[in-house]
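Read off the chains here:
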Amino acid sequence: MHKGQLLAEIDAPDLDAQLAAAKAKLLSADAQAKVRAAERDFANTTFARWRDSPKGVVSEQETEAKRADYESAVARYNAALADVNADQSVVDQLTALETFKRIVAPFDGIVTARNTDIGALINSGSSS
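Since this is a predicted model, take the numbers as computed values, not measurements.

Definitions and cut-offs
- Residues numbered from 1 in each chain as written.
- Predicted model: local features only at pLDDT ≥ 70, side-chain atom pairs only at ≥ 80, totals over all residues.
- Heavy atoms only, no water.
- Axes fitted to C-alpha atoms, helices over the stretch in contact; angles between N-to-C directions.
- Helix = DSSP H or I, 4+ residues; strand = E, 2+ residues; numbered from the N terminus.
- Parallel < 35°, antiparallel > 145°, perpendicular 65-115°, else oblique.
- Left-handed = near helix turned anticlockwise from the far one by under 90°.
- Nonpolar A, V, L, I, M, F, W, Y, C, P; charged D, E, K, R; others polar.
- Salt bridge = Lys/Arg side-chain N within 4 Å of Asp/Glu carboxyl O.
- Buried < 20%, exposed > 50% of the residue type's maximum accessible area, 1.4 Å probe, protein only.
- Contact = heavy atoms within 4.5 Å.
- Expected span 1.5 Å × (residues − 1).

A. Layout of the packing of helix α1 (residues 13-51) against helix α2 (residues 60-98). At a minimum axis separation of 7 Å, α1 and α2 run at an interaxial angle of 160 degrees. Taken together, the axis directions place α1 and α2 in an arrangement best described as roughly antiparallel. Where α1 crosses over α2, the two elements pack in a sense that is left-handed. Taken together, the residues of the contact of α1 with α2 sort by class into 21 nonpolar, 7 polar and 16 charged.

Here it is, written out as structure tokens:
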């Protein structure tokens, strides 16, 4: 065996399923953020049109309503970005856990004994 060579790979279907679900949730959150960005951009354009229109053409109340719509759209976009960041952290955490499924040789040498068989259940923290 050489240092870094794969000795065993642990099958963890629960972890694999969690990672797949987290990736799907991240894709959904990212799509939602894109929708919110489009809404924010549209609200900004609408507000700019109302704000820059000649005096007396639109009421101040309507202009303030468009500004409030834009600010709400910005807040919804920021919330969607926060969701994306939270979902990304879950994916990163599960991806890091996935690395523990691979057992690699810590140094060069010869394997003289394996204390498990293929298909055996390995519990975390097991002393047997």
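Further notes follow.
B. Looking closely at the pattern of salt bridges. In the structure shown here, the tally under the stated rule is 10 salt bridges. D52 is paired through a salt bridge with R51; the nearest N and O atoms lie 3.1 Å apart. Judged by its relative accessible area of 54%, D52 is exposed. Salt bridges here are not isolated pairs; linked through shared partners, they connect D16, E98 and K101.

C. Inspection of the side chain of T63 at higher detail. By the secondary structure assignment, T63 is in helix α2. Those residues within four positions of T63 in sequence are excluded, and the remaining contacts are F47, W50, R51 and V58.

D. How the structure looks around α1. Compared with the 57 Å implied by 1.5 Å per residue over 39 residues, the 56 Å span of α1 between its first and last C-alpha is a close match. All of the buried residues along α1 are L15, L19, A22, L26, A29, A33, A37, A43, T46 and F47. Of the surrounding secondary structure, the elements contacted by the buried residues of α1 are α2.

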